[in-house]
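Letter by letter, the chains look like this.
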Amino acid sequence: MLQVRGLTVRYRPEGRAEVAAVNQVDFSIASGEAVGLLGESGCGKTTLALSLLRLLPATACEVRGSIFFGKTELLGLGESELRRLRGAKISMIFQEPEISLNPVMRVGEQIAEVIRAHHPKGRQQCLDEVRALLDQLGFSDAHRIFNAYPHQLSGGQRQRAVIAQAIVCKPSLVIADEPTTALDPTVQSEILALFNDLKARFQTAFLFISHSPAILAKVVDRILVMYAGRIVEEAETTQILRHPLHPYTVGLLRCVFELGDEGAFRPRRVLPSIPGNPPGPTDLIHGCPFEPRCPERMEDCTAREPREVKLEDSRGVRCFKYGG
Amino acid sequence: MIRDHKLWLILAVLASAHLIVLWAHFFAPYDFASQERAIPFAPPSRLHFVDPEGHFHMRPFVYLWEPRPGTETLGAYVEDHSQAFPLRFFVRGARYKIAGIFDSSWHLFGVEEPARIYLAGSDDYGRDQFSRLLYGGQISLFSGLMAAGVSLALGLVLGALAGFYGGLVDDVVMRCAELFLALPWLYLLFAVRAFLPLHIPPTQAFLMLVLVIGMVGWARPARLIRGVLLSAKERNYVLAARGFGASDFYLLRRHVLPEAYGLLLTQAALLAPQYILAEVTLSFLGLGVGEPVPSWGNMLASLQKYYVLTSYWWMFVPGLALVSVFLLYYQLCKVLQEQVKLVRF
């Protein structure tokens, strides 16, 4: 349903040199599929998400490649066609629900506005639809939420309200940019359960962006690992957890999971991390971008960038260990 | 949302001033052009309660002014105590039209002819200053208010375009704004006024004043609104709404411009008195509405004569009215600004 080929996004911040935030990215999402995008801060996850909706800021000077949504090339669409698409076919849940709701509009009304932007329905009808949706989303007191202003809600309630905005028009793809980062662990798992529920109920495809493999493991079918604007590994969730290939993925997973065989939780005795920092957007990269931090670096690594190696269906990796 | 009684008080006083001025035909005892040449510069009528015999009357009364015997000076008058003229309410007087349709001749108060009641004295043609003050307020107060409306509307549109779209639009609009700000507004008004014919009918003169004053002053509100919009458009919920398919116009209307409304209110309260003063200045210099139609500016113009300035204090009354209106607007500004702050934070 969504096919991204060779997507490159370059920014030119005022008065500084051009930088590529997303570099030659290929991936696809089938309808109804939940895909995770995993990576550290600043690796281009949000830029990738914004470019799917063509919401990039004006400093993005170059967007190359192709994004096919069904049969439509998104990069070729005009502003009014994009408007019809956003929210109706593809919608996005932004980071930090506190600030993605207008503080001076009632929550119910803000959700209803999304319907009104796409369907010529009366105000009352829209409000009724929103009430019904809020009931479905597991709000215990949907009526209060409907009439509340954002500051009167808890973080979890606000996030649900934003989710309601995103799915109220039943889009076929929802992009969720770190939807649980700002929440308590208990609320976090409630929201994740809600996503799983929505996936089953609405047949919506999700692109779930997170920096935590633990969170992605709970909701997505497939994971794309992103590093320095490139997708370095792509695999089914179960595969990637059981048998990660790319040294970066291995490092990331080791930060979160410990292989225990007795089946009990225990605090980690050593807290591993990946030494060094991801390259900044302005840094020049020779060869593999992960090479300076890679525990398994080889001679080839600085010479050129590794190519993507397709290992089997839906499994790919960019590393010289596997042929690159 | 608004907790302050002071705001309502100021608004009520200002609103009633505007309403009284708007219904000047009723509240003024005379037409603005009716003259009494025999007694120019008559001082304000004295309201008496006690007659020469020492009897007290509940209903106040006035006497006729007659020139003081043996003096040649203008405006030296004594009261003729031979006949009293009681003050009456809801009397018939000069005819006028309500909203240009209904004929009426009712006035709030008046005295029987040949006496005349001058609450604020009369001018060199013996015209009632109080009536002229009310009629003049129609021009002065409303030209200020309407010019502020024109300025704010222009400023809102141009400032919103500049702030929301940025880039070339922003550059062009803001450079123009700087040009307008750099020009001294009074001379700009003179220049614009100089292009237009000198003698034009009062309604046209009024509309011309409103348009000229309003259009010259768009730059300041435009700059302020642009500033507010520059930060307002960067809010996350604006991006989120765009992501849900909102159009530019919708974003402006629902998410971005509301942040500038408080500013718009205070600007209105700030600009209105400034523009009243602009109208007064133009009319004072004879570039506004012409005689016999009064405005507070051309009423004050008689003070340009030295003997008027020194002898007839009641000719300052329009100035007094101006100062009170300005003080009211100033207070309104202050209270509004506090309220806007309260609402925002």
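Calculation notes
Residues numbered from 1 in each chain as written. Chains lettered and ligands numbered in written order. Predicted model: local features only at pLDDT ≥ 70, side-chain atom pairs only at ≥ 80, totals over all residues. Helix = DSSP H or I, 4+ residues; strand = E, 2+ residues; numbered from the N terminus. Buried ≥ 20, exposed ≤ 12 C-beta atoms within 10 Å, placed from the backbone. Contact = placed C-beta atoms within 7 Å. Pairing = 2+ DSSP bridges. Axes fitted to C-alpha atoms, helices over the stretch in contact; angles between N-to-C directions. Left-handed = near helix turned anticlockwise from the far one by under 90°. Nonpolar A, V, L, I, M, F, W, Y, C, P; charged D, E, K, R; others polar. Domains from an automatic or database assignment. Expected span 1.5 Å × (residues − 1). Arc of directions from axis to C-beta. Parallel < 35°, antiparallel > 145°, perpendicular 65-115°, else oblique.

Novice: Explanation requested: the overall build of chain B in the structure shown.
Specialist: Counting secondary structure elements, chain B contains 13 helices and five strands. Considered along the principal axes of its C-alpha atoms, chain B spans approximately 85 × 45 × 40 Å. Buried residues in chain B amount to 39% of all 345 residues. The long-range share in chain B, meaning contacts at least 24 apart out of those at least 6 apart in sequence, stands at 71%.

Novice: Can you help me understand the pairing of strand β11 (residues 309-312) of chain A in this one?
Specialist: Strand residues, when the strand is regular, have side chains that alternate between the two faces of the sheet. Residue and element names in this part refer to chain A. Alignment of β11 against strand β12 (residues 315-317), held across three bridges, turns out to be antiparallel. Paired with V309 across the two strands is V317, which belongs to β12. Linking β11 to β12, which pair antiparallel, is a turn of two residues; within it S314 sits at a positive phi near 55°.

Novice: How do you make sense of the environment of F130(B) when you look at a structure like this?
Specialist: All names here are of chain B. Tracing the sequence through the fold places F130 in helix α3 (residues 129-165). For F130, a count of 21 C-beta atoms within 10 Å corresponds to the buried category. Placed 11 residues apart in sequence, F130 and L119 show a C-alpha to C-alpha distance of 5.9 Å.

Novice: I'm lost on the packing of helix α1 (residues 5-22) of chain B against α3(B) in this one. Help?
Specialist: Axes are the key here: two packed helices are described by the angle between their axes and the distance separating the axes. Residues and elements named next belong to chain B. Look at α1 against α3: their axes get within 8 Å of each other, and the N-to-C directions meet at 115°. Taken as a pair, α1 and α3 cross one another with a handedness that is left-handed. Facing α1, whose interface residues are H18, I20, V21 and L22, α3 presents L134, G137, Q138 and L141. A class-by-class count of the residues in the contact of α1 with α3 yields five nonpolar, three polar and no charged.

Novice: It is not clear to me how the domain arrangement of chain B should be interpreted in this structure. Could you clarify?
Specialist: When its domains are assigned, chain B resolves into domain 1 (45-117) and domain 2 (132-344). One C-alpha centre belongs to domain 1 of chain B, the other to domain 2 of chain B, and the line joining them spans 40 Å.

Novice: It is not clear to me how helix α4 (residues 123-136) of chain A should be interpreted in this structure. Could you clarify?
Specialist: Each turn of an α-helix holds 3.6 residues, which means side chains three or four residues apart point in the same direction. Residue and element names in this part refer to chain A. When the terminal C-alpha atoms of α4 are compared, their 20 Å separation across 14 residues agrees well with the 20 Å that a helix rising 1.5 Å per residue should span. The complete set of buried residues in α4 reads C126, V130, L133 and L134. In a view along the axis of α4, the buried residues occupy a sector of 100°, so they form one face of it. Facing away from the buried side of α4 by over 90 degrees, the exposed positions are Q124, A132 and D135. In this fold, the buried residues of α4 make contact with α3 (107-118), α5 (142-147) and α6 (155-167). Of the residues flanking the end of α4, it is G138, one or two places downstream, whose phi is positive at about 80°.

Novice: Looking at this model, I keep getting lost on the interface of chain A and chain B. Mind explaining?
Specialist: Note: interface size is frequently given as the accessible area lost on complex formation between the parts. Taken together, the 20 residues of chain A in the interface contact 12 residues of chain B. Counting only elements with at least two residues in the side of chain A that touches chain B, the list comes to α2 (79-85), β6 (90-93) and α3 of chain A. The greatest single-element share of the side of chain A that touches chain B, amounting to three residues, is contributed by α3(A). Its residues assigned to classes, the side of chain A that touches chain B comprises 10 nonpolar, six polar and four charged.

Novice: I would appreciate a short explanation of the sheet that holds strand β3 (residues 34-38) of chain A in the present structure.
Specialist: Residues and elements named next belong to chain A. Pairing is mixed in the open sheet, where eight strands are placed in the order β6-β7-β8-β3-β9-β10-β12-β11. Looking at strand neighbours, the two that pair on one side only are β6 and β11, the edges of this open sheet. Taking each pair of neighbouring strands and ignoring which way they run, the sheet shows an average axis angle of 20°. Pairing of β3 with strand β8 (residues 205-210), which is carried by five bridges, proceeds in the parallel orientation. Note that in β8 the partner of A34 across the bridge is F206. Here helix α10 (residues 247-256) sits on the sheet and contacts β3, β9 (222-227) and β10 (230-236); the angle it forms with β9, its principal contact strand, is near 105°.

Novice: Hey, could you run me through the packing of helix α5 (residues 185-195) of chain B against helix α6 (residues 202-216) of chain B in this one?
Specialist: Residues and elements named next belong to chain B. Where α5 contacts α6, the axes come no closer than 10 Å and their chain directions differ by 140°. Viewed along their axes, α5 and α6 adopt a mutual orientation that is oblique. In this structure, the crossing between α5 and α6 has a hand that is right-handed. From α5, W185, L188, L189, V192 and R193 reach across to α6, where they touch V212, I213 and V216. Here the contact of α5 with α6 is composed, by residue class, of seven nonpolar, no polar and one charged.

Novice: Got a minute to help me understand the sheet that holds strand β4 (residues 60-69) of chain A in this structure?
Specialist: Hydrogen bonds between backbone atoms are what pair the strands of a sheet, whose relative direction is either parallel or antiparallel. Residues and elements named next belong to chain A. Taken in spatial order, the four strands of this open sheet run β2-β1-β4-β5, and their pairing is antiparallel. The sheet is open, and its two borders are formed by β2 (19-29) and β5 (72-73), each paired with just one other strand. Here β4 pairs with β5 via two bridges, running antiparallel. Along β5, the bridge assignment pairs F69 with T72.

Novice: I would appreciate a short explanation of unusual backbone geometry in the present structure.
Specialist: Leaving glycine aside, a negative phi is the common case for residues, and trans is the common case for peptide bonds. Residue and element names in this part refer to chain A. The backbone of R54 shows a phi angle near 55°, a positive value even though the residue is not glycine. Along the polypeptide, R54 turns up in the loop between α1 (45-52) and β4. Notably, K170 is not glycine yet its phi reads approximately 50°, a positive angle. Of note, K170 is situated in the loop between α6 and β7 (173-177). On the basis of neighbour count, K170 is assigned to the partly exposed category, with 13 C-beta atoms found within 10 Å.

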